[in-house]
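Chain residues, written in single-letter form:
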Amino acid sequence: MLYDRECPFELRMMETSDESPEIGTLEAIKVKILVLTEEDDSVSRIRVELSSEGDIFFYYAHEMDETGFRLVQEQQKLMVDFDEYPNVMIKMLNDCIKEPHSHLAVFVMARDGNGHLDFIQNMEYKYIELLSANFKRCPDDVARAQIAYRYRVIKAKLEQIQSRQHDMFSIVKNKNPSLLVQLQRAEGGLSSSDAAMSTPSKMSSSNSSYLGSSRSVRSSRRTGGTPSSSRRTPRRR
């Protein structure tokens, strides 16, 4: 994988290839660029995948080999070779992220599943199309496999976060149980096991304070000390 990053795209929809596309909406699209190389590290095939977190069924792909690139190179008057094609696309994507006002990525979709990604530069007085790449919507089985893969990745990340949180709570429980109670209350309540573990510490502290007060009362009785209000005053003769 050569590139994996979200990029702001303007998504447009058109019914047929003859009509002009509708006014688009700006969305963050996940772009992946994969390259297949030969033994001499030369690029033999490139694949670009587009997906969206907002629409799990949005999944388009663009594939290009050296033969197909020659036709695109002639049609669009490109000044680069096929080996430089992935780096050129990466540069244009990064320009759209860093300078969204002057560099635009417009993705136009048709009802038949075809689409094309246009990189456009705003020259203040004119819009110039730098590069255009054709895309195809992936079949449903490929899209479902991609959805399942993304679900497993998110699930694994969630389990990793929960494991780290459990380890942190175990350390805090040994060092400072009262702080653990406050953290769990802030999260939305105590579990029954954690509440049972935190209760003895509170009971021990209350029992210790009660024992301390009872000991002080016993010691005062042994020394003969009584409250000032119960002392007798001598009578005058």
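Quick caveat, the model's predicted, so the values are computed rather than measured. (Residues numbered from 1 in each chain as written. Predicted model: local features only at pLDDT ≥ 70, side-chain atom pairs only at ≥ 80, totals over all residues. Heavy atoms only, no water.)

## As for the confidence of the model for the chain
In low-pLDDT regions, the fine details of the predicted coordinates are not to be read closely.
Working step 1: Overall, the prediction assigns the chain a mean pLDDT of 80, with 75% of residues at 70 or greater.
Working step 2: Confidence scores differ between elements of the chain, with helix H5 (residues 192–222) showing the lowest mean pLDDT of 47 and helix H2 (residues 85–98) the highest of 96.
Working step 3: Predicted confidence for residues 226–231 stays below pLDDT 50, and this span has one contact to residues more than four positions away or in other chains. (pLDDT = per-residue confidence, 0-100. Helix = DSSP H or I, 4+ residues; strand = E, 2+ residues; numbered from the N terminus. Contact = heavy atoms within 4.5 Å.)

## As for the side chain of Ser-132
Working step 1: Note that Ser-132 resides in strand S7 (residues 127–137).
Working step 2: A distance of 2.7 Å separates polar atoms of two side chains, one belonging to Ser-132 and the other to Asp-118.
Working step 3: Residues within four places of Ser-132 in sequence aside, it is in contact with Gln-76, His-116, Leu-117 and Asp-118. (Polar contact = N/O pair within 3.5 Å; in protein donor to acceptor, adjacent residues only side chain to side chain.)

## A look at the pattern of salt bridges
Working step 1: Under the definition given, this model contains eight salt bridges.
Working step 2: For Glu-63, the salt bridge identified is with Arg-45, shortest N-O distance 3.1 Å. Of the two residues, Glu-63 sits in strand S4 (residues 59–65) while Arg-45 sits in strand S3 (residues 43–51), which places them 18 residues apart along the sequence.
Working step 3: By relative accessible area, which is 40% here, Glu-63 ends up partly exposed. (Salt bridge = Lys/Arg side-chain N within 4 Å of Asp/Glu carboxyl O. Buried < 20%, exposed > 50% of the residue type's maximum accessible area, 1.4 Å probe, protein only.)

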